[in-house]
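Understanding the architecture of this molecule
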Amino acid sequence: MADRTLRGQAAIVGVADAASPTGELELTGRALEVTMIAEALADAGLTIADVDGLCYAGFGGMATLGLAEYLGISPRWTDGTNVGGSSYEVHVEHAAAAIAAGLCDVVVGVYASTPRSDRKRSSGGGGGGRRPMPFGPDPRMEFEMPYGLMMPMGAYALSASRHMHSFGTTSEQLAQIAVSTREWAAMNPSARYQDPITIDDVLSSPMQASPLHLLDCCLVTDGAGAFVMTSAERARDLAKPPVHVLGAATCHDHSGIMAMPDLTTTAGAISGPNAFAMAGIKAGDVDLLMGYDSFTITALLHLEDLGFCDKGEGGAFVEDGRTGPGGSLPMNTNGGGLSYTHPGMYGMFLLVEATRQLRGECGPRQVEGAEIAVAHGSGGVLSAMATVVLGTEATL
Amino acid sequence: MAHDTPTPTRFEPPVSDDTAPFWEATRDKQLVLQWCTSCQKAIFYPRAACPGCLGDTIEWRPATGFGRVHAVSVQHKPANPFMADKVPYAVALVDLDEGVRLMTNIVGCEPDDVAVDMAVRVTWEPLTDGRHLPLFEPSALAD
Ligand SMILES: [Zn+2]
């Protein structure tokens, strides 16, 4: 299979993101998407006229058509995959394959969502608060909804419950993930929360769905981002150092949490090793893990499933602050979904931060000498995993 | 205004073609499961083909109604308006003796007393249309 690898074929050449300590952004909708695309293209030293490939995880049918029309482009390659928050890692995998196959030259992917601002706008007028329940042969409607599991955190809580039972993982260990992530957020002026927290702060925050406390849960903020990709060859002539796609892989195994095959092991146990194998790396080679942290348990499962530690040992692995500043495995250096931003589908921000770290652009939170970064997305309720291994020119 | 229509106290599950026999059986407080006659395995949730072999030689059989808690989360905020007067309540995944997993509420004990591996058995809550919703309660019998 070595001749079928995507290793070193394509590179991320431009990124942009937007978030704010207020949790709100000025722009919304298409205006925000266009701004992100323009910034990412400028970052790359390209223009919209160069774009011939489009990735977009919009909701509803034919979402990519509306975006392309709005942008005034005619992409000859398009991908509307939406598997939730990991969609953007899937897009990178697909785009790398399309570029490698010569289907397109310059791909742009974008995401924008402003739930915080939207809530404010809609609550002002009164009425119309409750969304109608869709009716249909949806197993979640029939066999989950009646029982009142708070979503999505309840699904993650069930996973955490099982992990604690099987492996003795503690609330303190989960809390340490939030604490370490906040230490990174303190060095990101765009992060929603920058003040330090303690394990006790996490444990004394309100219980949302046991065993998860409020500070085990990601934020709800506005946020947006975009990436630009092109061939490894063309990437070398652009404005910024290329960030090469060394490996990429996807796997999903359920939709509703009721059907998750093993509550303590995600499909990342497949996508992770596959992506690492394509990249020719081991967990010990990774300088930075951007691991989707919708909840503390999410990040902990990634550590195990990607092989940074054995299954069941994630709690002990994070205990000494190993994933925080100064630790041996810097994780979620932008402050993550727990402290930086989380507009609903967080995967875009993993890619943006990983790219900036590999370019050495991250100021006080820069991971010294970072050569290999992993962006590992999670979509649905621990359902859809996608792993992207990124590296500097030196890693090719 | 419809007369003598009971007010729902739950989000009442819709019924689909695949699942109609399941919900019909609940009118008599019967828990039934699909079985694939090729794989000899129980199937949940109900569907038109076996998720193991895609075979359609599927039959409905009564379930014992016994199982064990696989995972549990106590909800401190109601996930929908129907649950507002029930907080805190325990939502669990239960592994039935037949080898399938379903979501449910554990009733008949304090929510915080629900533990992983606890033995439970089915109990029923009436819905407004004559169906019943399967819930589970601690069961000494299953131990
Ligand atoms: Zn079968």
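Residues numbered from 1 in each chain as written. Chains lettered and ligands numbered in written order. Predicted model: local features only at pLDDT ≥ 70, side-chain atom pairs only at ≥ 80, totals over all residues. Heavy atoms only, no water.

A word on the overall build of chain A
Broken down by element type, chain A carries 14 helices and eleven strands. Residues counted as buried form 60% of the 396 residues belonging to chain A. In chain A, once contacts between residues fewer than 6 apart in sequence are set aside, the share between residues at least 24 apart is 76%. By element, 53% of the accessible surface of chain A is carried by carbon and sulfur atoms, the whole surface being about 14,200 Å². Separation of charge centres in chain A, based on 23 positive and 43 negative side chains, amounts to 4 Å. (Helix = DSSP H or I, 4+ residues; strand = E, 2+ residues; numbered from the N terminus. Buried < 20%, exposed > 50% of the residue type's maximum accessible area, 1.4 Å probe, protein only. Contact = heavy atoms within 4.5 Å. Areas by Shrake-Rupley, 256 points an atom, 1.4 Å probe, with all protein chains shown as cover. Lys, Arg positive; Asp, Glu negative; His and termini not counted. Charge placed at Lys NZ, Arg CZ, Asp CG, Glu CD.)

Quick look at the coordination of the zinc ion
Residues and elements named next belong to chain B. Distances from the zinc ion to its protein donors, C36 (SG), C39 (SG), C50 (SG) and C53 (SG), fall within 2.2 to 2.3 Å. In this structure, the zinc ion is surrounded by four donor atoms whose angles at the metal cover 105 to 114 degrees, and the resulting shape is tetrahedral. Read in sequence order, the donor residues for the zinc ion give the motif C-x2-C-x10-C-x2-C. Taken together, the residues span a long stretch of sequence, with C36 in strand 1 (residues 32–36) and C50 in the loop between strand 2 (41–43) and strand 3 (58–62) at a distance of 14 residues. Classification of C36 by relative accessible area gives buried; the value is 0%. (Donors = N, O, S within 2.8 Å, 3.2 Å for Na, K, Ca; no water. Tetrahedral: all angles 85-135°; square planar, octahedral: opposite > 155°, others 65-115°.)

A word on the confidence of the model for chain B
When the pLDDT values of chain B are averaged, the result is 92; 95% of them are 70 or greater. Overall fold confidence for the complex sits at a pTM of 0.92, while the interface term, ipTM, reaches 0.93. (pLDDT = per-residue confidence, 0-100.)

Description of the sheet that holds strand 3 of chain B
All names here are of chain B. Spatially, three strands are ordered 2-1-3 in an open sheet, and the strand pairing comes out antiparallel. Strand pairing shows two members of the sheet lacking a second neighbour, strand 2 and strand 3, which therefore form its edges. The sheet shows a mean angle of 45 degrees between the axes of neighbouring strands, direction not considered. Taken together, the three bridges between strand 1 and strand 2 define a ladder with antiparallel strand orientation. If you follow Q34 over to strand 2, its bridge partner there is I43. (Pairing = 2+ DSSP bridges. Axes fitted to C-alpha atoms, helices over the stretch in contact; angles between N-to-C directions.)

Thoughts on the interface of chain A and chain B
Between chain A and chain B, the residue contacts involve 31 residues of the former and 40 residues of the latter. Interface area for chain A against chain B, summed over the two sides, is near 3,100 Å², with a carbon-plus-sulfur share of 66%. Summed over the shared surface of chain A and chain B, the number is 15 residue pairs in polar contact (both at pLDDT 80 or more). Among the secondary structure elements, those contributing two or more residues to the side of chain A that touches chain B are helix 5 (139–143), helix 6 (153–167) and strand 5 (207–209) of chain A. Here the side of chain A that touches chain B gets six residues from one element, more than from any other, and that element is helix 6 of chain A. Per-class residue counts for the side of chain A that touches chain B are 20 nonpolar, seven polar and four charged. (Buried area = accessible area lost by both parts, 1.4 Å probe. Polar contact = N/O pair within 3.5 Å; in protein donor to acceptor, adjacent residues only side chain to side chain. Nonpolar A, V, L, I, M, F, W, Y, C, P; charged D, E, K, R; others polar.)

Remarks on the environment of A:E39
All names here are of chain A. Looking at the element boundaries, E39 is found in helix 1 (residues 29–44). As for E39 and V228, which are separated by 189 residues in sequence, their C-alpha atoms are 10.0 Å apart. Excluding its chain neighbours within four sequence positions, the residues that come into contact with E39 are V15 and A16.

So, unusual backbone geometry
Backbone torsion omega between A:S210 and A:P211 reads 5 degrees, so that peptide bond is classified as cis. In this chain, B:V87 is followed by B:P88 through a cis amide linkage whose omega measures -10 degrees. Mapped onto the elements, B:P88 comes out in the loop between strand 4 (66–75) and strand 5 (89–96). Unusually for a residue other than glycine, B:K29 sits at a positive phi of about 55 degrees.

Brief notes about the layout of surface pockets
The gaps of empty space that remain are located by a probe, the size of a water molecule, rolled over the atoms. Residues and elements named next belong to chain B. Empty space within the second largest pocket amounts to approximately 440 Å³. Around the second largest pocket, the lining is made up of 22 residues, and of these A42, F44, R47, P51 and V100 lie nearest the centre. The greatest single-element share of the lining of the second largest pocket, amounting to three residues, is contributed by strand 2. (1 Å grid on protein atoms, 1.4 Å probe; cavity = no way out; pocket = protein on both sides within 12 Å on 5 of 7 lines; lining within 4 Å. Points joined across faces, edges and corners; volume = space filled by probe spheres on them.)

Re the packing of aromatic side chains
Scanning all chains against the criterion turns up twelve aromatic pairs over all chains. On the numbers, 5.2 Å between centres and 50 degrees between planes, the contact of A:Y88 with A:Y111 is tilted. Linking A:Y88 in helix 3 (residues 87–100) with A:Y111 in strand 4 (residues 106–113), this pair joins segments that are 23 residues apart in sequence. Relative to B:F22, the ring of A:F143 has its centre 5.2 Å away and its plane inclined at 85 degrees; by these criteria the two rings are edge-to-face. With A:F143 in helix 5 and B:F22 in helix 1 (residues 20–25), this residue pair bridges two chains. Across the ring face of A:F317, the terminal group of A:R322 is positioned such that the distance to the ring centre comes to 4.3 Å. Geometry around B:W23 places B:R131 over its ring, the cationic atom sitting 4.9 Å from the centre. (Phe/Tyr/Trp six-rings, centres within 6.5 Å; stacked < 30°, edge-to-face > 60°. Lys NZ or Arg CZ within 6 Å of the ring centre and 35° of its normal.)

Re the pairing of strand 7 (residues 223–231) of chain A
All names here are of chain A. The buried fraction of strand 7 amounts to eight of the nine residues, a majority that puts the element mostly inside the structure. Note that strand 1 (residues 10–18) and strand 7 share eight bridges and pair antiparallel. When the bridges of strand 7 are listed, D17 appears paired with G225. In terms of strand pairing, strand 4 meets strand 7 through eight bridges, oriented antiparallel. Bridging from a neighbouring strand, S113 pairs with G223 of strand 7.

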